[in-house]
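Observations on the model geometry
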Amino acid sequence: MTDYEALATAAGRDLEDASAQEILQWAADHFGKRFCVTSSMEDAVVAHLASTVLPGVDVVFLDTGYHFAETIGTRDAVAATMKVNVITLTPKLTVAEQDAQYGPNLHDRDPDQCCALRKVEPLNRGLGGYDAWATGLRRDESPSRANTPVVSWDPKRRKVKLAPIARWTQDDVDAYVQANGVLLNPLLWEGYTSIGCSPLSCTAKPGEGEDGRAGRWAGSGKTECGIHL
């Protein structure tokens, strides 16, 4: 077990009941500029939280080439108004190049491969300069995320991974947004509850009574893009 792996394992236990700010302060104290936040720009909650303990923190955004205009607008608004440094990562292939190499609409035919090319590989490459990264994962989002630790060891990337709002509920998120004027993706007001890429096979509005991520790759059996697997 590496020093960072042991550190993450201990922190996952010791910080289980800590506040989101305390978890992020722990990361800032241990990793400084070698710590970043990742954001899908569904909202800017974790980015805002991190900026309160580490102003100027790097916020990493994956521009897949398939995003809704509202998502790109949210990214630009976060960069312009918050005390963060937004870093945009892009895939090695443009959408046109991917279409030429793999055929059009890969997201419909093989969503796992499309996500691997447009999300997983760029993130792995972009995280190369960091020792720790934070996500907005919450346990209440879906059954696949129910056991998300607040701090863990990411064995694939060999980095410390934080989920500072893992224990939050949607009500907690809403309260924080209202109290702090945090930016939200406008699509949330239109009935979307989890926002990814714009093709209907990737992001749809969930049905009545479904969990918040039910609209992601609806009908395919796919529940995660691969970043958190």
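The structure under discussion appears in the preceding block.
The structure presented is a predicted model; accordingly, all values stated were derived computationally and were not measured.

**Here we look at the pattern of salt bridges**
Per the stated rule, a full pass over the model turns up 10 salt bridges. Between R13 and D14 there is a salt bridge, with the nearest N and O atoms lying 3.3 Å from each other. With respect to burial, R13 and D14 carry one shared label: exposed. Beyond isolated ion pairs, a larger network of salt bridges with shared partners links D63, R75 and D76.

**A word on the environment of W168**
Mapped onto the fold, W168 is located in the loop between β6 (159–162) and α8 (170–180). Judged by relative accessible area, W168 falls into the buried class, the value being 16%. Considering only alpha carbons, one finds W168 and D140, 28 residues apart in sequence, at a separation of 7.7 Å. Discounting residues that sit within four places of it in the chain, W168 has contacts with A20, V45, L49, R138, D140, V173 and Y176.

**Observations regarding unusual backbone geometry**
For M41, which is not glycine, the phi dihedral falls at a positive 65°. Locating M41 in the fold gives a position in the loop between β1 (35–38) and α3 (45–53). Judged by its relative accessible area of 1%, M41 falls in the buried class. One non-glycine residue, N105, lies in the positive phi region at around 55°. On the secondary structure map, N105 appears in the loop between α5 (95–102) and α6 (106–109).

**Side note on the sheet that holds strand β3 (residues 84–89)**
Across the sheet, which stays open at both edges, the 6 strands sit in the order β3-β2-β1-β4-β6-β5 with mixed pairing between neighbours. In this open sheet, the two strands that pair with only one neighbour each are β3 and β5 (151–154). Geometrically, the sheet is characterised by an average inter-axis angle of 30° between neighbouring strands, direction not taken into account. In this sheet, β6 lies alongside β5 in antiparallel orientation, the contact comprising 4 bridges. Note that in β6 the partner of S152 across the bridge is K161. Where helix α7 (residues 111–126) meets the sheet, it contacts β1, β2 (57–62), β3 and β4 (132–134), and its direction lies at approximately 155° from that of β2.

Quick notes on the rules
- Residues numbered from 1 in each chain as written.
- Predicted model: local features only at pLDDT ≥ 70, side-chain atom pairs only at ≥ 80, totals over all residues.
- Heavy atoms only, no water.
- Salt bridge = Lys/Arg side-chain N within 4 Å of Asp/Glu carboxyl O.
- Buried < 20%, exposed > 50% of the residue type's maximum accessible area, 1.4 Å probe, protein only.
- Helix = DSSP H or I, 4+ residues; strand = E, 2+ residues; numbered from the N terminus.
- Contact = heavy atoms within 4.5 Å.
- Pairing = 2+ DSSP bridges.
- Axes fitted to C-alpha atoms, helices over the stretch in contact; angles between N-to-C directions.

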